Amino acid sequence: MADELIAVKPEIAARARIDAAKREAMVAAEARDPDAFWRTEMNRIAWMTAPTKIKAVDFTGDVSIKWFEDGVLNASVSCLDRHLATRGDQVAIIWEGDDPNTDAKVTYRELHARVCQLANAMRRLGISKGDRVCIYLPMIVEAAVAMLACARVGAIHSIVFGGFSPDSLASRIQDSDCAMLITADEGRRGGRKVPLKANADEALLSCPSIRSVIVAKNTGGAVDMMAGRDHWWDAITAGEGTTCEPEPMNAEDPLFILYTSGSTGKPKGVLHTTGGYMVWASFTHENVFDYRDGEIYWCTADVGWVTGHTYIVYGPLANGATTLMFEGVPSWPDNGRFWQVCAKHKVNIFYTAPTAIRALMRDGEAPVKKHDRSSIRILGSVGEPINPEAWLWYYRVVGDSRCPIVDTWWQTETGGILISPLPGAVAQKPGSATLPLPGVKPAIVDSEGKILEGATEGNLVLLDSWPGQMRTIYGDHARFGQTYFSTFPGMYFTGDGARRDADGYYWITGRVDDVINVAGHRMGTAEVESALVAHPAVAEAAVVGMPHDIKGQGIYAYVTLKAGIDPTEVLRKELVAWVRKEIGPIATPDAIQWAPGLPKTRSGKIMRRILRKIAANETEGLGDTSTLADPGVVQELIENKVG
Ligand code: ATP
Ligand code: MG
């Protein structure tokens, strides 16, 4: 099942920007002369002073990563100003509200004007180059405007997802000493209101670095405004001009800080700089999604995650695309919402996460089939390994077996996609992120750091830098070296495990910390979970190791059943037998617990470290749970632990 090969259809290859031959030529050109390759690619963004130096990277010692280091630019110019002459009246952002009766369109000219007005207001409030500005907004156009206004004045934005609590917001503001907060009165999600300004007020009690707060009026809900500190967005921008001098930024000046989603521990303040990040955002958005002028492109992520940064705002806008921003959730007002929005706005490229696909699969095909999806050309996945079962459902049901799926592996740290099919060039295998993009040098190493060749399995590392790589952990360069470059000296360690098959395809097996060792056999969580999800009764599964007297570790599986299916002893035995048959006796689950819900990060990733503790009866110190979407799920699982 998992090794099914889905060839590139000739009609897709014929129209694609990059076909197999072109991809090979790119890979060869980059390998022959990387500086020449990136010297050409860097021209996809606008420079005030073009760089003469391309790359200066040292993964050893103190670790130093620089790209285009003598170039000068402003990211907002690439996203806005340079499009005005050619596509000023083209829609830059389609906004689709939580309420299906609300939407809005913003042209490049309007977006430029709004960014300039806010940037002018920010300067007037004393914000200048290098200041940190926290953005705590819902998925409204103002979020993109705020990001680009920060970039305009050279301020470093740090976006905190609007679903986070006052405590999580406060700790992120404190970590990077933000001078300003941009928020809204309230957000909307799934028909409910989120009290953003009230949360912010609570957080700011412990954030003395914040000098001013700009508040967008979104729902019109009542909020407290502190005189001298808080300003309404509309009032403070009203008198401002619609042009604004962009701050000249060195390529290596920071563009943003973003905290990781925290699936493995305390979030890290990942810092990205301007030049390399923008080149990578544009390069990957255009090539991985085969983006063509005039297309409607929709990434369903929130701007609070890196996916929203690179593939809702910076990548698409740098490429002059029309990008869709969605305020709502896939299940409201009903679970056909994604497809209804695709039909309404004639979406051509659709990019979402496995967690959403698995959730929608639970409700069957009808909600999908109800809506016209004929405009969709390319489908994308990001965030977790996509189980082959979910991949095939996405392919057959959503894409009518017409649309290539790009399963994009990357991290907050990598700035953009590193391993992914190019839709016109690389045959797909359900569940595999396939091959590295040109310029990306993955390798698989054993626990000693020895590079393994051919078909193999182990730790996924990157042997060399790419322009979009993170440069440091904000305020803690030592932790940067320690976290990513000390496990395997001289290599960037991703923290992920991977398998490479005989065709050179990469299969992400899960976090290395999550690897299960059963009687000396190492097993990735993804494989066992995918076997469970392949059973017709199972919607979602999470697998962890548990202490076992004889085997060292046993397999403990949390299983969520599809809607309407009863958890019975018979089914439990059937699932155990099913996994034995799918993978082999070594993978036989020792315990299966029915899980109505799984603990996930706010970005929808399963938090296995918590599940591991529950399985081991170590429920005292669950560690940092601040990024959990629904803490109630954890208690339920503790109470119903098996064995
Ligand atoms: P933290 O680093 O704080 O634990 P996190 O790793 O969840 O949080 P992100 O940077 O959002 O934060 O997630 C990156 C991780 O997501 C990758 O390291 C990988 O484990 C997983 N991932 C992302 N895309 C894919 C994919 N297409 N296939 C498999 N895994 C993926
Ligand atoms: Mg991570």
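Residues numbered from 1 in each chain as written. Chains lettered and ligands numbered in written order. Predicted model: local features only at pLDDT ≥ 70, side-chain atom pairs only at ≥ 80, totals over all residues. Heavy atoms only, no water.

Caption draft 1: Geometry of the nonpolar core. Within the largest apolar cluster, 137 residues are counted, with the highest numbers of intra-cluster contacts made by L111, M122, I182 and Y314. Tallying contributions element by element places helix α6 (residues 141-153) first for this core, with eleven residues. In contact with L111, not counting residues within four places along its chain, are L80, A92, I93, V106, V145, L148 and L317. I94, V341, A356 and I386 belong to the second largest nonpolar core, which has 30 residues in total. (Core = buried A, V, L, I, M, F, W, Y, C linked by side-chain atoms within 4.5 Å. Buried < 20%, exposed > 50% of the residue type's maximum accessible area, 1.4 Å probe, protein only. Helix = DSSP H or I, 4+ residues; strand = E, 2+ residues; numbered from the N terminus. Contact = heavy atoms within 4.5 Å.)

Caption draft 2: Focus on empty space enclosed by the protein. One pass over the structure, following the stated rule, counts five cavities of 30 Å³ or more. Looking at the largest cavity, its volume works out to about 100 Å³. In terms of lining residues, the largest cavity is bounded by 13 residues, among which P138, M139, G162, G163 and R189 are the most central. Here the lining of the largest cavity gets three residues from one element, more than from any other, and that element is strand β9 (residues 187-189). A breakdown of the residues in the lining of the largest cavity according to their chemical character gives six nonpolar, three polar and four charged. The volume enclosed by the second largest cavity comes to roughly 80 Å³. Taken together, 13 residues form the lining of the second largest cavity, with R358, P385, N387, E529 and R608 sitting closest to its centre. Taken together, the elements giving at least two residues each to the lining of the second largest cavity come down to α17 (525-533) and β29 (538-548). For the lining of the second largest cavity, the element with the most residues is α17, which contributes four residues. Among the residues making up the lining of the second largest cavity, the classes are represented as six nonpolar, two polar and five charged. (1 Å grid on protein atoms, 1.4 Å probe; cavity = no way out; pocket = protein on both sides within 12 Å on 5 of 7 lines; lining within 4 Å. Points joined across faces, edges and corners; volume = space filled by probe spheres on them. Nonpolar A, V, L, I, M, F, W, Y, C, P; charged D, E, K, R; others polar.)

Caption draft 3: Spotlight on the sheet that holds strand β18 (residues 349-352). Spatially, the seven strands line up as an open sheet ordered β5-β4-β17-β16-β18-β19-β20, and their pairing is mixed. Only two strands of the sheet have a single partner each, and these edge strands are β5 (103-107) and β20 (405-407). In this sheet, adjacent strand axes meet at a mean angle of 20 degrees when their direction is disregarded. Alignment of strand β19 (residues 378-381) against β20, held across three bridges, turns out to be parallel. Along β20, the bridge assignment pairs G380 with V406. (Pairing = 2+ DSSP bridges. Axes fitted to C-alpha atoms, helices over the stretch in contact; angles between N-to-C directions.)

Caption draft 4: Geometry of the side chain of K605. Its location among the elements puts K605 in the loop between β31 (591-594) and α19 (608-615). For the buried residue K605, which engages in no salt bridge, the nearest side chain bearing the opposite charge is E384, 7.1 Å off. Reaching out from K605, the side chain makes a polar contact with the backbone oxygen of G383 at a distance of 2.8 Å. (Lys, Arg positive; Asp, Glu negative; His and termini not counted. Salt bridge = Lys/Arg side-chain N within 4 Å of Asp/Glu carboxyl O. Polar contact = N/O pair within 3.5 Å; in protein donor to acceptor, adjacent residues only side chain to side chain.)

Caption draft 5: Seen up close, the pattern of salt bridges. With the rule as written, the count across this model stands at 38 salt bridges. Notably, a salt bridge pairs R471 with E252, separated by 3.0 Å at the nearest N-O pair. With R471 in the loop between β23 (456-462) and β24 (472-473) and E252 in the loop between β13 (249-250) and β14 (254-259), the pair connects residues that are 219 residues apart, well separated along the chain. Pair check on accessibility: R471 and E252 agree, each one buried. Here R612 makes a salt bridge to D514, at a shortest N to O gap of 2.6 Å. Here D514 lies in the loop between β26 (506-511) and β27 (516-518) and R612 lies in helix α19, a separation of 98 residues in the sequence. Look at D514 and you get buried, because its relative accessible area is 8%. Through salt bridges that share partners, R17, E41, R44 and E286 make up one connected network.

Caption draft 6: Layout of the sheet that holds strand β11 (residues 212-216). With mixed pairing, eight strands are arranged side by side in an open sheet as β12-β11-β8-β6-β7-β14-β15-β24. Edge positions in the sheet fall to β12 (230-232) and β24, since each of these pairs with one other strand and no more. With five bridges connecting them, strand β8 (residues 180-184) and β11 associate as parallel partners. Within β11, the residue paired with T183 across the bridge is V215. Against the sheet, helix α5 (residues 108-124) touches β6 (132-136), β8 and β11, its axis set at about 140 degrees to β8. Each of β7 (156-159) and β14 touches helix α11 (residues 306-318); the most contacted strand, β14, lies at about 140 degrees to it.

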